[in-house]
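For reference, the chains in residue letters:
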Amino acid sequence: MRDAEAPIAPPEELITREELQLAARNHGMPLEALRYDITPVGLHYLLIHYDIPFVDPDTWKLTITGRVRRELALSLEDVRTRPATTVPVTMECAGNGRASLAPRPISQPWLLEAVSTAEWTGTLLRPILDEAGLEEDALEVVFAGADRGVDGGQEQDYERSLPVEEATRDDLLLAYEINGQPLPPQHGFPLRLIVPRWYGMAQVKWLRTITAVAEPFGGYQNVQRYRLRQEESELGEPLTRMAPRALMVPPGIPEYLSRTRVAPFGPCRLEGRAWSGGAPIVRVEVSADGGNTWGDADVGAPPAVTAWHPWSFRWEPKEPGAYVLCCRATDALGDTQPLQPPWNLGGYANNAVQRIAVSVIA
Ligand SMILES: Nc1nc2c(c(=O)[nH]1)N[C@H]1C(S)=C(S)[C@@H](COP(=O)(O)O)O[C@H]1N2
Ligand SMILES: [Mo]
């Protein structure tokens, strides 16, 4: 039996059957889909911890309760008749990059595909919280989903809290549509929370209740998971905003089984996306020698301040041969990406630069 509290794979262990089971349920966004400003729905990555709950939209209600002056219970119709907002949001799983860590934390084994951008339509959360009237002592707001499971030996609903300052930001959305279509079951039908700039774990799907609390919330997904720590005994820092990252569309064509890229000799336009939850992207650099020398890419405007920037770079390999392409983003706060993966127990926020081996052939 594996110790549930410290699930780190021994160095020689390959991906387990259970990790493969998670990976097959929770697919990533194929990196060639970085070409789209807005990720087509079926290509948007997925992360579902437990089972996708079956929700009957006719009996479903959203309850706003706890430290509020007026408890609310909204039907889907009530939510849909409120003023609607549409916003493109880049969402990334905090575990993106986890499978490249050594030793490997056992969980959803993401390489680099756990990011996408969708156009979410819904109604703003702030006016609903105002209507309910948060009490003076409200400290955090807890968002609970309709999905249930066991993690770390504890049976639980999937629930996550946000500090009141974040929950009352004016850009949090209760979304019932993705890219103009009703939310499909896997993305949180009938309603989910959207928290622009934060990692995915905050964006609770199948939302059922919103509870204002006066004490720090002790839920498993806030206290045991999604914290940066080296050891179980540490409390660690909670994960919040997405760290900067640039990703590249793998150039050329893939070799089916090895996944190696093959590109013809000649000038090559490299392209991709870059984002940061902290600030706009101000620089993207590209290296063709594994990160020794870098050149600046052209960075374009994002479809919205809450979405990724496009970038491109003209690469002219001097001769046929083997190359390792890398890209690196820097945001307006000066935060950038490390060459070596930053290790932590949960395998979170590994934003080490992407490396793609390309064979350039004459
Ligand atoms: N209720 C619920 N909400 C959830 C999750 C979940 O398992 N249950 N997974 C979270 C995580 S870790 C991520 S990364 C995002 C993924 O959203 P997506 O599947 O729509 O891409 O949903 C978040 N919201
Ligand atoms: Mo996630």
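Residue numbers run consecutively from 1 along every chain, following the written order of its sequence. A letter from A marks each chain and a number from 1 marks each ligand, given out in the order of writing. Two thresholds apply to this predicted model, a pLDDT of at least 70 for residue-level local features and 80 or more for giving and counting side-chain atom pairs, whereas whole-chain, interface and lining totals are computed over all residues. Side-chain descriptors were evaluated using all non-hydrogen atoms of the structure, hydrogens and water having been removed beforehand.

Enquirer: Got a sec to walk through the site of ligand 1? Specific residues and values, please.
Expert: Any residue with a non-hydrogen atom lying within 4 Å of a molecule or strand is treated as near it. Taken together, 19 residues lie around ligand 1, and H49, D147, H187, R192 and K205 are the ones closest in. Contacts to ligand 1 include H44, whose side-chain N or O atom sits 3.4 Å from an oxygen atom. Protein burial of ligand 1: of its 530 Å² of free accessible surface, 100% is covered by the chains. When the residues that make up the shell around ligand 1 are grouped by side-chain class, the tally is 11 nonpolar, five polar and three charged. Here a polar contact is taken to be a pair of N or O atoms separated by no more than 3.5 Å, where protein atoms must pair a possible hydrogen donor with a possible acceptor and residues adjacent in sequence count only if both atoms sit in side chains. Here the Shrake-Rupley method, with its probe set to 1.4 Å, supplies the accessible areas, and only the displayed protein chains count as covering residues. Gly is put with the polar residues, along with every residue not named as nonpolar or charged; the nonpolar set is Ala, Val, Leu, Ile, Met, Phe, Trp, Tyr, Cys and Pro, and the charged set is Asp, Glu, Lys and Arg.

Enquirer: So what about the domain arrangement of the protein? Which residues, and what values?
Expert: The accessible area lost on association of the parts is a frequent measure of interface size. Here the protein is described as being made up of domain 1 (17-238) and domain 2 (245-361). A contact between two residues is defined here by any heavy atoms of the two lying within 4.5 Å. The interface is formed by 38 residues belonging to domain 1 together with 26 residues belonging to domain 2. Two parts placed together each lose some accessible area; with a 1.4 Å probe, that loss summed over both constitutes the buried area. When domain 1 packs against domain 2, the two sides together hide about 2,900 Å² of surface, and 59% of this comes from carbon and sulfur. When the area that domain 1 buries against domain 2 is broken down by residue, the three leading residues are L34, L101 and R197, summing to 21%. In this structure, the salt-bridge partner of R245 is E92, at a minimum N-O distance of 2.8 Å. Where domain 1 packs against domain 2, one counts 19 residue pairs in polar contact (both at pLDDT 80 or more). The set of elements that each furnish at least two residues to the side of domain 1 that touches domain 2 consists of strand 3 (85-92), strand 4 (115-124) and strand 11 (227-228). The secondary structure listing takes helices from DSSP runs of H or I that are at least 4 residues long and strands from runs of E that are at least 2 residues long, numbered from the N terminus. The leading source of residues in the side of domain 1 that touches domain 2 is strand 3, at five residues. Looking at the side of domain 1 that touches domain 2, its residues break down into 18 nonpolar, nine polar and 11 charged. All domain edges in this entry derive from an automatic or database-based domain assignment. Within this document, salt bridges are pairs made up of a side-chain nitrogen of Lys or Arg and a carboxyl oxygen of Asp or Glu, the two lying within 4 Å of each other.

Enquirer: A description of the packing of aromatic side chains should follow, citing residues and the corresponding values.
Expert: Only the six-membered ring of Trp is used, alongside the rings of Phe and Tyr, when aromatic pairs are assigned; centres must lie within 6.5 Å, and planes under 30 degrees apart are stacked while those over 60 apart are edge-to-face, with the rest tilted. Within the structure shown, the criterion is met by four aromatic pairs. Centroid distance W315 to Y323: 5.2 Å. Interplanar angle 80°. Geometry classified as edge-to-face. For the exposure calls, accessible area comes from a 1.4 Å probe over protein chains only, and a residue counts as buried if that area is under 20% of its type's maximum, exposed if over 50%, partly exposed in between. Taking the relative accessible area as the measure of exposure, W315 reaches 6% and is therefore buried. Taking the ring centre of W294 as reference, the NZ or CZ of R328 above it sits at 4.0 Å. The rule for a charge over a ring is simple: NZ of Lys or CZ of Arg within 6 Å of the ring centre, and within 35 degrees of the ring normal.

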